[in-house]
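The primary structure of each chain is shown beneath.
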Amino acid sequence: MPATRLDGKKIAAEIRSEVAADVESFVAAGNAPPQLAAILVGDDPASQVYVRNKERACEKAGIASRLDRLPASTTQAELLAKVAELNADPAASGILVQLPLPSPEAGGTGIDERAVLDAIDPIKDVDAFSPVNVGLLMQGRPRFLPCTPHGIVQLLSRTNISTSGKHVVVVGRSDIVGKPMAMMLAQKDSTCGPETANATVTLAHSRTQDLAEVCRSADILIAAVGRPEMIRGEMIREGAVVIDVGINRVDDRLVGDVAFAEAENVASAITPVPGGVGPLTIAMLLHNTLMAAKMQAA
Ligand code: GUN
């Protein structure tokens, strides 16, 4: 029997309408609407699409948005000045610097991405990329949670997939997804309760020996490597749950990190690409922007 498809789009819509209702009460209580302030440096087409999608999602949830478009030639000092301006602006609840910043090949000035993320006021850091928010997560007392892994926790919880006591293999150790995902699932509790925490986690990566065997030992396999269809059907245990974080463009087609047609015949449940994890990232960004506005109003 083919795997159940986990409908991230539907769950994201649910979360977005919950956030919208919550924004409405926040504003009805006399607060200014939350605002997401995004900075886009350069004109990378994929980043332009992401930023536009974020703006649209904000609007639908009653969240204001502002976009500062800066040319690819922007220097690090200029970008840091923009971040400082938004840090000081009480109207900006959340600040997001769209990544990646333009490389020198794309006309960029070689900005140190880390220095820019470090400069965002942690109370406005809705991506949860700042060292303060990463540290709080690591200590099990998170403030903002990074949007993609938090979206995955929500997806698991709302589809009644428990991670407690299970072996979760996360493939990919990025700061944005792999590392925080592993940390969140290994902890005693999550924002959705202990059933979507308490996992035994293996964080696998490009140097992992016998990756196929490690993947086959997973009850829940989370692929976040950014390599099209790298996870093959034979790397998945019969009945495992497969979460595919990859969004790779191949010949004008979007494919995940998992070979879907093969995986679907082995897994018990799987997220499609597109329509799986992707929509949840934006939903959790809206959640974080509202949370930032609430913290700043308190
Ligand atoms: N580029 C790709 N994903 C993300 C994200 O989650 N946040 C930011 N700021 N940039 C990104």
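Since the model is a prediction, treat every value here as computed from it, not as a measurement. (Residues numbered from 1 in each chain as written. Predicted model: local features only at pLDDT ≥ 70, side-chain atom pairs only at ≥ 80, totals over all residues.)

1. Observations concerning the UniProt feature "domain: Tetrahydrofolate dehydrogenase/cyclohydrolase catalytic" (unreviewed entry) in the protein chain
The condition that has to hold: UniProt positions are given in the numbering used here, feature names are shortened, and annotations may be inferred rather than shown by experiment. Numbering of helices and strands runs from the N terminus; a helix is a DSSP stretch of H or I covering at least four residues, while a strand is a stretch of E covering at least two.
Within this numbering scheme, the UniProt entry marks residues 6-127 as carrying the feature "domain: Tetrahydrofolate dehydrogenase/cyclohydrolase catalytic" (unreviewed entry). Along residues 6-127 the backbone is 47% helical and 15% strand, and the end-to-end C-alpha distance reaches 24 Å.

2. Remarks on the site of the ligand
Spelled out, the test is: Near, as applied to residues and a molecule or strand, means the residue's backbone-placed C-beta atom lies within 6 Å of it. Polarity classes work like this: nonpolar for Ala, Val, Leu, Ile, Met, Phe, Trp, Tyr, Cys and Pro, charged for Asp, Glu, Lys and Arg, and polar for all others, with Gly in that last group.
Around the ligand, the neighbouring residues are Leu96, Val97, Gln98, Leu99, Asp127, Cys147, Ile176 and Thr281. Partitioned by chemical class, the residues of the shell around the ligand number 5 nonpolar, 2 polar and 1 charged.

3. Comments concerning the packing of helix H1 (residues 8-28) against helix H6 (residues 147-158)
Think of two packed helices as two axes; the pair is described by the angle between the axes and how far apart they sit. Under the convention used in this document: Geometry is summarised by axes, namely lines fitted to C-alpha atoms with helices restricted to the contacting stretch, and by angles between N-to-C directions that run from 0 to 180 degrees. For classification purposes, an angle smaller than 35 degrees is called roughly parallel, one larger than 145 roughly antiparallel, one from 65 to 115 roughly perpendicular, and anything else oblique. We call two residues in contact when the distance between their C-beta atoms, placed using the backbone, is within 7 Å.
One can describe the packing of H1 onto H6 by two numbers: an axis separation of 10 Å at closest approach and a directional angle of 100°. With respect to H6, the axis of H1 lies roughly perpendicular. Two secondary-structure elements touch here, H1 through Gly8, Ile11 and Ile15 and H6 through Gln154, Leu155 and Arg158. Of the residues that constitute the contact of H1 with H6, the class distribution is 3 nonpolar, 2 polar and 1 charged.

4. Considering the packing of H6 against helix H10 (residues 278-297)
Put simply, H6 and H10 touch, their axes get as near as 8 Å, and they point 105° apart. Considering the angle they form, H6 stands roughly perpendicular to H10. Facing H6, whose interface residues are Cys147, Thr148, His150, Gly151, Gln154 and Leu155, H10 presents Leu280, Thr281, Ala283, Met284, Leu285 and Asn288.

5. Observations regarding the environment of Gly178
As for its placement among the helices and strands, Gly178 is situated in helix H7 (residues 178-186). Each C-alpha atom of the pair Gly178 and Ala204 lies 8.9 Å from the other, and the pair is 26 residues apart in sequence. For Gly178, the residues in contact, after removing those within four places along its chain, are Val170, Gly172, Arg173, Leu203 and Ala224.

6. With respect to the sheet that holds strand S2 (residues 35-41)
Hydrogen bonds along the backbone pair up the strands of a sheet, which may run parallel or antiparallel. The test is simple: Pairing between two strands is assigned when DSSP locates at least 2 bridges connecting them.
The sheet built from 3 strands is open, its strands ordered S3-S2-S4 with parallel pairing. Only two strands of the sheet have a single neighbouring strand rather than two, namely strand S3 (64-70) and strand S4 (94-97). For this sheet the average axis-to-axis angle between neighbouring strands, irrespective of direction, equals 15°.

7. Some points on the UniProt feature "domain: Tetrahydrofolate dehydrogenase/cyclohydrolase NAD(P)-binding" (unreviewed entry) in the protein chain
As annotated in UniProt, the feature "domain: Tetrahydrofolate dehydrogenase/cyclohydrolase NAD(P)-binding" (unreviewed entry) corresponds to residues 146-296 in the numbering used here. What you have in residues 146-296 is 33% helix and 17% strand, and the ends, taken at the C-alpha atoms, are 19 Å apart.

8. Here's the deal with the pairing of strand S7 (residues 220-223)
The criterion, for reference: Counts of 20 or more other C-beta atoms within 10 Å of a residue's own C-beta define buried residues, counts of 12 or fewer define exposed ones, and intermediate counts define partly exposed ones; C-beta atoms are placed from the backbone.
Here S7 shows two buried faces, one formed by Ile220 and Ile222 and the other by Leu221 and Ala223. Here S7 pairs with strand S8 (residues 241-244) via 4 bridges, running parallel. Note on S8: the bridge partner recorded for Leu221 is Val242.

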